[in-house]
Amino acid sequence: MIVHRHLPLPPLLLLLVLSLLAGLVPLVAAETSSPRKFDVPAGSAERTLRQFSAQAGVELIYSTDAVKGVATRAVRGELSAVNALEQMLADTPLRLVKDAKPGAFAIRREVAVDPNAPSRLADATAADTGRAKVTSGALQLEDVLVTGSRLPLNSGEQPSQPVLSYTSRDIERSGATTLGQFWQYIPALSTGATGDQSRSATGDFSGGQASSTSNRTFATIRGGTGFTSTLMLVDGKRVPRTNQQQGGSLGQDLGGIPLSAIERIDVLLDGASAIYGADAMGGVINVILKKRYSGTEVRFTYDNTFDKDAGQWTASLSHGFSSGKWSGLVTLANTENNIMLLVDRDQTRSFDRTLYGGTSTGSFGIYRIGQTGSVSVASGTLPGLASNYAAIPANSNGQNLTVATFGSSGAPTIDASPGEMGATAYIKQRSGFFRLAYDHNEHLRIEGTTRLSHNYQQDNGVYRRALNLNLPATYPGNPFGVPIRLQKLFYDLPRLVKAADSRNNEFALTASGKLFSDWRYETGVNFARTVAKDLPARLGNGAYGVANLQVAALNAAIAAGRAPVLIYDSSRQSPNTATNLDEFFVNSAPLVLSDDSQIWTYSSQANGTVYDWAGGPIRLALGAEYREEYYDSPDALNVSILPGANRTMSAFYAELGVPLVRPEWKLPLLNRLDFNYAMRREGTPSGDANTPRYGLAWRPQSWIIVRASQGEGFRAPNLFQTNRPPTSFQLPASALDQPIDPLRGNENFLGRVLTYVGGGNPNLKPERSKTETYGVVVDVPKVTGLQLSFDHFDNETYDLVGSVSGFPTLFAYAPQAILRGPNLPGDPAGWPGPITGVNLSGANLSLFRSAGYDFGVKWTRATSLGEFTFTSNGNRILSTETRLFAGSAPVAAVNKRFQQMRVTSSLRWRRGPWEAGLIHLYGGRVWVTSGNEALAPSRYTDPADRWDVSASYDFAHGRGSAGAEGPWWRRMLRSSRVGVSVIDALNDEPPLDVNGFANTTIIDPRLRRYIIDVSTRF
């Protein structure tokens, strides 16, 4: 039995949560005003804001340029001025700031914001006036930061690197219930969010096990070099790298973050090691959590298929308050789902995928098991039968079996149904996010945050089996008088269930504020810890179990005269007691993966203007960071365990922004020109890294920007790669090794026993990268609301950590990995000693390069029928190149155009409280290498298409529904929203590759399903 313990909350933290939920709720209503009747249609902000001001009787202060080209939402009914204006500005770049002047509100235009800046959901209270003020009747817009830069940008400026930003509203509209699901909508991401797709229609009897990677949420950008090439951040703070025993290739984990706690997600599509340091070689994903959010929201989401009960439900509670100098936020969430079986889908009903143009998956496909199991002989035919295979007779209990009964049972099939094996795993996620802040004055803001999550996953189990098991001629139930082989599944035995458990904890304390002039600072400490464990399957007697019947244990039982009954129809009955077969499925040396990764980060930074010249203010950001990383695998039972290891890293960085040309100069084709330079020096135990980055943003006209960036990146080897204890084993050299030593006169050492040593390599250097991105963003003139973007990228990563095999390759590229003994008597002068072994420890070897482009289209149009918004974003990898060594030939199988072209397009309509949308996801062909070229040569997998539809109704925006009076049901619904989505509406199946595995990048194996999303705000 697997014991599952929940993560306890510290008593003080629990007290804080209860206090916020029970004692501080009345503070939400601190800001009230008399409701007024509003009837403002959707349309241009330049017109609708004037209408609102007249109906509300308040003064609005804004700049004409800030609201130009913005379409606001309709607002109708009896509302306070604050609520009405917030509804109008929802899903626009305009934000409300209540001014200190009575009866006046300021409206500012916002670009992507810094993780530490006020939220886009900022409450319209005096606490939000810290950075956006009205002076002498003119609105001073807030400077904000974007992911990938330490410097603030003014409204209207664009970063030199492409950044995609998705708001909480974008996530809500997609219908996604987890981060991993939402990442499917971002074409530039190759998601590793296995989660509810952990079995993803690829199961066979050699798999079917949950692992510590299966409920993780990670991704790589633009087809990078594995998931460690993308840095994962939460509020700008890195999360630990986990699963280091897997070589660290699985990167960091963002699992367990509730969508209800997310303010927005920024995806930086370019390298950013100059800003964030190690691991940001291919880009950055920054999940930004809500900050200044006032009110209470309860949200419930139910996700299920139309034909099977594979339901997933998520419940969350968010409560935020703002009172004077104090503000806080609590978000609690719980997610749980049912298991869907492999037999629930046609593609996975059988392990024989030849019906779909592939091969039989896994090791099982070569065995004739059928429903009852079968017996066979190694050669020839079974005595008394005309075949070398025979099915075990149906309903047999293993008694009175004869050759005739086997002869009448029919021929066994080559495969069997997966039965109760799961296509999706059972997952339970619990998470909590807590934030408490105190604004002492403009010079000091203190903020503490805590993020806790507990993810548990288990598969539905695998059947125990006997594959090619040799039984002697005298074995009970063997009537043939010769040794036979047994193939069968033990349907009557409890399945072996494996599970995985991961916990993410994060605590942060920061202080920030104004230094002098426009200089601001932030300093703080952050602790993050991730513990990921496999929970191995156990038998009824408590021992660790394996799926294959162990031959040694069976032979011992036979020798002791107590052979168990094995030849029977286990799909119908069992002649054995419940546990007397357990001893034959014991794993004496189970492999347990247990990772405990911890990071302490101490950081300080400041930014401001160093000189205000004719072109504009020259801004500088300076910062320092000290990081401690710890890693351990305390529960590992295998011989390759890693003892506690740690390392420290220190970094200093600077970023300079220089405006070279300003619009007021009215130069031809030089409306604006900005230069950006960043440099970071990071010291690691594997060597220091200097990572510069250059950026240029040029506006020939006010409506077009041409941008370019070039930078370098690095990734330090993980602690497992450098600190793993040494291992060794011995094997004789075979012909496959091509055992010819050219340095000893082409000496042939075939059959010589060689020593192969491995372990960590403390001399590994950091992996390096170079990235280039060039692009253009166009706000199409005379077409209101239409924006186009295009970015070309070329990324190269070298000194990748790997190992070398094959003596010709070793001689050519890594002769230092060949171990030699002393010279033999009679060796000619200059000869090296004879080869005695090979060092398999990791080394800096290979090179990877990818090039392609990203594009984006967005067009918003307000009409009398409502507001229409069309968006389309795509990513295309034009070429990839992998070389095992810098001077070697490209790897042929990898250098095809195997990366899918990904495009996500959507059309949304909104009018009053109604909203509807259509989303299309496209994944192009992808090259897959065959596991058996003789049966099915390597080929491209077919493209995939998916169509999603959605509709929602927001009662708060309905005419007359938001009033304080009326029937109880109207008062209850006045702040509610109901949304319904149908995912994969056409029920398209994921394409199968040449090996019979489904490509679930675009299409979930659950196929068509519906999502109901209900939220209520108080």
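In what follows, the structure referred to is the one given above.
About the cut-offs
- Residue positions within a chain follow its written sequence, with the count starting from 1.
- Thresholds applied to this predicted model are a pLDDT of at least 70 for local features of residues and 80 or more for the giving and counting of side-chain atom pairs; totals over whole chains, interfaces and linings are not thresholded and use all residues.
- Remark: hydrogens and water are excluded; side-chain values derive from all non-hydrogen atoms of the structure.
- Comment: elements are numbered from the N terminus, with helices defined as DSSP H or I runs of at least four residues and strands as E runs of at least two.
- Relative accessibility decides the category of a residue: with a 1.4 Å probe and only protein chains considered, values under 20% of the type maximum give buried, values over 50% give exposed, and everything between is partly exposed.
- For this analysis, residues touch if any pair of their heavy atoms sits within 4.5 Å.
- Accessibility throughout is a Shrake-Rupley quantity obtained with a 1.4 Å probe, and a residue counts as covered only by protein chains that appear here.
- Under the pairing criterion, centres of Phe, Tyr and Trp rings, with the six-membered ring standing for Trp, must be within 6.5 Å; the plane angle then separates stacked pairs below 30 degrees from edge-to-face pairs above 60, leaving the rest tilted.
- Throughout this description, the term charge over a ring refers to an Arg CZ or Lys NZ atom that lies within 6 Å of the ring centre and within 35 degrees of the ring normal.
- Throughout this description, the term salt bridge denotes a Lys or Arg side-chain nitrogen within 4 Å of a carboxyl oxygen of Asp or Glu.
- Polar contact is the term for a pair of N or O atoms within 3.5 Å; when the atoms are in protein, one must be able to donate a hydrogen and the other to accept it, and sequence-neighboring residues count only if both atoms are side-chain atoms.
- Strands are treated as partners if at least two bridges between them are detected by DSSP.
- By definition, no residue in a patch forms a salt bridge, and every one has over 30% relative accessible area; like charges are joined within 9 Å, nonpolar side chains (Val, Leu, Ile, Met, Phe, Trp, Tyr) within 5 Å.
- Convention adopted: a line fitted to C-alpha atoms gives each axis, helices being fitted over their contacting stretch, and angles between N-to-C directions are expressed from 0 to 180 degrees.

Enquirer: Any chance you could break down the overall build of the protein for me, citing the residues and the numbers?
Expert: Check the secondary structure of the protein and you find twelve helices and 52 strands. Expressed as a percentage of the 1018 residues in the protein, the buried residues total 55%. Restricting the contact set of the protein to residue pairs at least 6 apart, pairs at least 24 apart contribute 70%. A total of about 41200 Å² of accessible surface is found on the protein, and carbon and sulfur atoms cover 57% of it.

Enquirer: Can you break down the packing of aromatic side chains residue by residue, with the values?
Expert: Here the structure, examined in full by the defined rule, presents 24 aromatic pairs. With a centroid separation of 6.4 Å and 65 degrees between ring planes, the pair formed by Y426 and Y456 is classed as edge-to-face. On the criterion of sequence distance, the pair formed by Y426 in strand 24 (residues 426–441) and Y456 in strand 25 (residues 444–458) is long-range, its members being 30 residues apart. Taken individually, Y426 and Y456 each receive the classification buried, so the pair is uniform in this respect. On the basis of an interplanar angle of 80 degrees and a centroid distance of 5.8 Å, the ring pair of F490 and F585 is categorised as edge-to-face. Remark: F585 occurs in the loop between helix 9 (551–559) and strand 30 (594–613) and F490 occurs in strand 27 (residues 484–490); sequence separation between them is 95 residues. There is no split in this pair, since F490 and F585 are both buried. By the ring-pair criterion, three or more aromatic residues cluster together here, those being F507, F527, W600, Y602 and Y626. Above the face of the Y568 ring, K488 is positioned so that its terminal group lies 3.7 Å from the ring centre. Note that R925 overlies the ring of Y940, its terminal NZ or CZ placed 3.9 Å from the centroid.

Enquirer: Break down the pattern of salt bridges for me, citing the residues and quoting the values.
Expert: Going through the model one piece at a time under the given rule, you end up with 44 salt bridges. Measuring nitrogen to oxygen at the nearest pair gives 2.9 Å for the salt bridge that ties R464 to D582. Taken together, the residues span a long stretch of sequence, with R464 in strand 26 (residues 464–471) and D582 in the loop between helix 9 and strand 30 at a distance of 118 residues. Each member of the pair, R464 as well as D582, is classed as buried. Among the salt bridges present, the one from D501 reaches R503, with a minimum N-O distance of 3.3 Å. Accessibility classification places D501 together with R503 in one group, the buried group. Residues participating in the shared-partner salt-bridge network are R169, E172, R173, R299, R908, E915, R977 and D1013.

Enquirer: Quick rundown of the side chain of S976? Include the residues and the values.
Expert: Tracing the backbone shows S976 in strand 51 (residues 976–983). Within the structure, the side chain of S976 is placed 3.0 Å from the side chain of T1016, a separation counted as a polar contact. With residues up to four places along the chain from it excluded, the contact list for S976 reads Y953, D954, F955, A956, S1015 and T1016.

Enquirer: Kindly report on the sheet that holds strand 12 (residues 163–167), identifying the contributing residues and their values.
Expert: Here five strands make up an open sheet; going across it, the order is 12-17-18-15-16 and the pairing mixed. In the strand order of this sheet, the two ends are held by strand 12 and strand 16 (237–238), each with one partner. Pairing between strand 12 and strand 17 (residues 262–268): five bridges, direction antiparallel. Bridge assignment links T167 to a residue of strand 17, and that residue is R264.

Enquirer: Can you break down a nonpolar patch on the surface residue by residue, with the values?
Expert: Nonpolar side chains collect at one region of the surface, where V610, Y611, W613, L660, W665, L667, F675, Y694 and L696 lie side by side and expose about 780 Å² of accessible area between them. Counting residues per element, the nonpolar patch draws most heavily on strand 30, at three residues. Note that L696 resides in strand 34 (residues 689–701). Here L696 falls in the partly exposed class, since its relative accessible area comes to 36%.

Enquirer: Outline unusual backbone geometry, supporting the account with residue identities and numerical values.
Expert: One non-glycine residue, S517, adopts positive backbone phi at about 50 degrees. Among the structural elements, S517 can be located in the loop between strand 28 (499–516) and strand 29 (519–535). Among the residues examined, S517 registers a relative accessible area of 58% and is labelled exposed. Of note, the phi angle at L1007 is positive, near 60 degrees, even though the residue is not glycine. With respect to the helices and strands, L1007 occurs in the loop between strand 51 and strand 52 (1009–1017).

Enquirer: Let's hear about helix 4 (residues 81–89): which residues, and what values?
Expert: By the criterion of burial, helix 4 is predominantly enclosed, with seven of the nine residues buried. Among all positions of helix 4, only A81, V82, A84, L85, Q87, M88 and L89 are buried. Following helix 4 by one or two positions, D91 has its phi on the positive side, about 65 degrees.

Enquirer: Please set out the sheet that holds strand 42 (residues 818–820) residue by residue, giving values where relevant.
Expert: In a beta sheet, neighbouring strands are held together by backbone hydrogen bonds and run either parallel or antiparallel to one another. Spatially, four strands are ordered 36-39-43-42 in an open sheet, and the strand pairing comes out mixed. Of all strands in the sheet, those bounded by a partner on one side alone are strand 36 (727–732) and strand 42. Going across the sheet, the axis of each strand differs from the next one's by a mean of 25 degrees, ignoring polarity. The pairing of strand 42 with strand 43 (residues 835–839) spans three bridges and is classified as antiparallel. What sits directly across from L819, in strand 43, is G837.

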